[in-house]
Structures are given as C-alpha cells and as structure tokens.
Amino acid sequence: MPTRPDIAPEPTRIVFFGLGAVGSALLICLSELAERDDVPVRFVVYVLHPDAARDALFHAERLFDRIDFIGVADFSPVFAYDPTHHQPLAGAAMLVNAALPEFNGPIIELGLRLGAHTVDLASDMYDAVTERTLTFSQYDFDAALRERGIAALINLGISPGVTNFLIGRRMHELLAADRKDLEVESIDLYLLEDIDSDQIIFSWSPLVALEELAQQPRIWNKGRMQVLEPFTAARNYDFPHEPQPIRQYPLYQEELLSLHRSFPDVDSIGVYTGGSEVELVKALFQLNLLSKRSLPNQPELTIEAMVRAILPGMNKPRRIEEHLRNGVIRRTHFAAAAEIRIAESVRNERQTVIETVGLSYLRYRDLLHSPYAGATYISYPTAVGAAILAWHALAFAREQPTQLVGVITGEDLARILPRPAADAIRRDLVAWDIDLFESVRDASET
C-alpha cells in the first residue's frame, strides 16, 4: 500500500543508556546528521539522573522536544525488557551504550530481543575472559546477531573507532591487490593527548586514565603478545602541528586486540600514547604514588587508593566551558597517526615503505559558540567519530539489511561499506573539524 504523502514518516528511534560528556555530544552530532539528511529521529535517554542529563545538553535545549528523558534507579529492568519499558523501546533502530563497558552484553541481549542494532564506545579490557582469550566479550553474541540480522558496532569513537576505520580502509585495499610479493610487516598507532592549561584538567576520567596507563602495556611482537613494564620501551614521534617529537609509551588498548583479530598475518602491532596527561600519570607512577602498598599507620588503605581519592575529578561541562572561555585552557591537541610498514618487490629489489594514515583535532576553541560547548578536546572527537560511523552504518543497514550483521569494528566497516559511503565518512569527519592526513615515505629514511 503506498504511503500517503500527508502522513509524516515514523521517526527513527535511537535509545541511549547514560548521557555523560561523550554521550551528550554524540546525541547532538546524530541530531545534526539527521537534520542534514532530512531523517526524522526520536531519542530515548535512560539515565539515573535526568536533571544531570539535561544539564549536559545545556547548549542544545532546542533538542529537548525530540528527547524522552527516562530516569531509572537501576538499568536492570530495562535490560530485562520489563513491560513498563515496552513502549519507550518500541521500534528502536539503535541502542547506544554511553555508560559503562559492563553494559555491553546486556544491551546487545536487549538489541536481540528488539531487533535493534547496538553501539558501544569501549570494551572491558581487563576482565578474566578477555585476558585469557584476547577476544572481546561482545563476540560471544556474534552468531546470535547474525541469525537475527542485526549488528553490534563495537569500540566506536575516535580511537578506537575512526583510527581502526582509517587503518582498515588502507589494509583492505592492500589485501585486495592479492600480490604475493607484498607483505605488511607492522602496524604502529601513535596517540597524542595534550593540553596546555593553568590548572590540572583531566579531559577524561582520571580513574580511567590511571587504570589504562598503570596497566602492564602490551604489544604484538613477531607473532606473540609481549608484556612490558609501564612506561618502558618509549619512542619519539613527530605529529603534525607539533614543534618537536612527542615521547610515546606502549599502551594496552582496544585497538591492539581488534587489529590483531582483523589482520592476523601482521606480525607486529603496537599502540603508543603520549602527551601532558600521560606524563602526569608517569610522574605519579615513578614516585610510587600508584603503589598497592599499604600506608604505615593505616594498613587498610593503599597509597594508590589515597591518590585516587584526592585527585581532582573530571570537570563538569559548564566548568570546562568557563576554563576555555577565560583562557585557563590555552591550547589542546588530539592526534592519532598509524604507520603501516609495507615490503614489496620493485625493480627486482625489495623495497620497504611506511604509509601513514591519521587524524588531528586542533580547533577546540571553536566549540565555544556551538551546541558542543563544554565538551573536552577528547570527548568531542570521540563523540563525533562514533556518531558519524554509526550514522553511516545505520543508513547502509536500511539500504542493505542483510549486509551489516554480527559484531562489527571500525576496520570491519571499512571493508563492508561501499566506497561512496566510506568517502562520505571522511568528508563528514572533516566537516566536524577532524582533519585527516596520509603520506607515504621510504622506510630507509627513518
């Protein structure tokens, strides 16, 4: 039966769980993409504190008539699909975990019930199963997702997420050439998180930063996982727009396991990070302030627990905006550069080149006069990256409903999406102020 032209189409329903610094910016970006593409969207936001969620959107109040804020004391009844939540979840196209990695599994299970795609921003890297199998727990649902004809888009954001998409795009092009003489020897991803400010300002959760950076870092080296001591095996890297090389340290992060799973024939894969926040945690570590040892007169309290208790928390969005407006935050730079080392036969000789794909976010001050004011220089690109990847994936799923199924990473999207969609993602990233760069150089020059 043809659709009557005077009846508006049913809005696409996107459900959020949690709405913090990243989630609020992600919702704003999805709404902007929907407006641009003339797609009606309705948001449902499940949160513990609705007033705080509304406050996170304090420069985007115009969106409130498209958002249903639902306060809950516990997410469990929602995940269990309690009858009281049938109506808000009815017709959901996508469920977004903007809360905690531990919700990934329950949200995917809910997506299976509803027939809705899911999106998450990170995985639990330190749970026992992942430690043992080196596989994200979301893959436990891969078969069920395929049978249901839906996808779980995992580890989206700027890194992982966009970085894996850019790496995957180039890697799949190389593999498609099917040349026996061509070998990808290594993939090294370098990250920069740098802020110049008059105060110590964490752009990410301080507890998450401590957890990640104080873990024993790992790299995939010559076909095996190598465990290192924190802040060892450092190297320097020249990022675009930086006057001097930045000290980089190995980091155990989602990109490592994801890239190894996608490209198992690459013998060496490493993720490295550096910048002002990394140097701060390094100083705490080297001063033994992250030690698990107990205090002399308080055996129930460890040194690390005390430091965690007195560290300044992450600033609220309004405070972040004030710091940026008043000049407390002077300069920020988030960047990611992936070096793909390739060996091939040229003119009867073996040649090795390094192909670089990367991104840079420098226009942080421009957020002051936008709905994103109050986001950090990390939460903004993370949110925008996740929104752009998820939006184009959702559009593709509407056109090709049988093609986007199972657990999908950024590098999987680079393989699955048609070239016009992949190119549109690149253009959208630039439109939202994420600059992209790429280059090729002779490896002998390094």
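Provided above is the structure to which this section pertains.
How each quantity is defined
Residues numbered from 1 in each chain as written. Predicted model: local features only at pLDDT ≥ 70, side-chain atom pairs only at ≥ 80, totals over all residues. Heavy atoms only, no water. Helix = DSSP H or I, 4+ residues; strand = E, 2+ residues; numbered from the N terminus. Rg over C-alpha atoms; globule rule 2.2 N^0.38 Å. Buried < 20%, exposed > 50% of the residue type's maximum accessible area, 1.4 Å probe, protein only. Contact = heavy atoms within 4.5 Å. Areas by Shrake-Rupley, 256 points an atom, 1.4 Å probe, with all protein chains shown as cover. Lys, Arg positive; Asp, Glu negative; His and termini not counted. Charge placed at Lys NZ, Arg CZ, Asp CG, Glu CD. Phe/Tyr/Trp six-rings, centres within 6.5 Å; stacked < 30°, edge-to-face > 60°. Lys NZ or Arg CZ within 6 Å of the ring centre and 35° of its normal.

A. Summary view of the overall build of the chain. From N to C terminus, the chain includes 16 helices and 18 strands. Rg of the C-alpha trace for the chain: 22 Å, near the compact-globule value of 22 Å for 446 residues, within the 12% margin. Across its three principal directions, the C-alpha atoms of the chain cover 65 × 65 × 45 Å. Across the 446 residues that make up the chain, the buried fraction comes to 54%. Look at the contacts in the chain between residues 6 or more apart in sequence, and 75% of them connect residues 24 or more apart. Surface summary for the chain: the accessible area is close to 20,200 Å², and the carbon and sulfur share equals 50%. One way to put it: in the chain the 42 positive side-chain charges average out to a point 1 Å from where the 62 negative ones average out.

B. Representation of the packing of aromatic side chains within the structure. Scanning the entire structure with this criterion turns up 17 aromatic pairs. Between the aromatic rings of tyrosine 237 and phenylalanine 239, the centroid separation amounts to 4.9 Å while the plane-to-plane angle is 70°, which identifies the pairing as edge-to-face. Since its relative accessible area comes to 9%, tyrosine 237 is described here as buried. Among the residues examined, phenylalanine 239 registers a relative accessible area of 4% and is labelled buried. Seen in terms of ring centroids, tyrosine 372 and tyrosine 380 are 5.0 Å apart; in terms of plane orientation they differ by 80°. Their pairing is edge-to-face. Taking the relative accessible area as the measure of exposure, tyrosine 380 reaches 2% and is therefore buried. The structure contains a cluster of three or more aromatic residues connected by ring pairs, namely Phe17, Tyr46, Phe75, Phe79 and Phe103. Lying over the aromatic face of tyrosine 252, arginine 218 brings its terminal NZ or CZ to 4.4 Å of the ring centre. Taking the ring centre of tyrosine 139 as reference, the NZ or CZ of arginine 261 above it sits at 3.5 Å.

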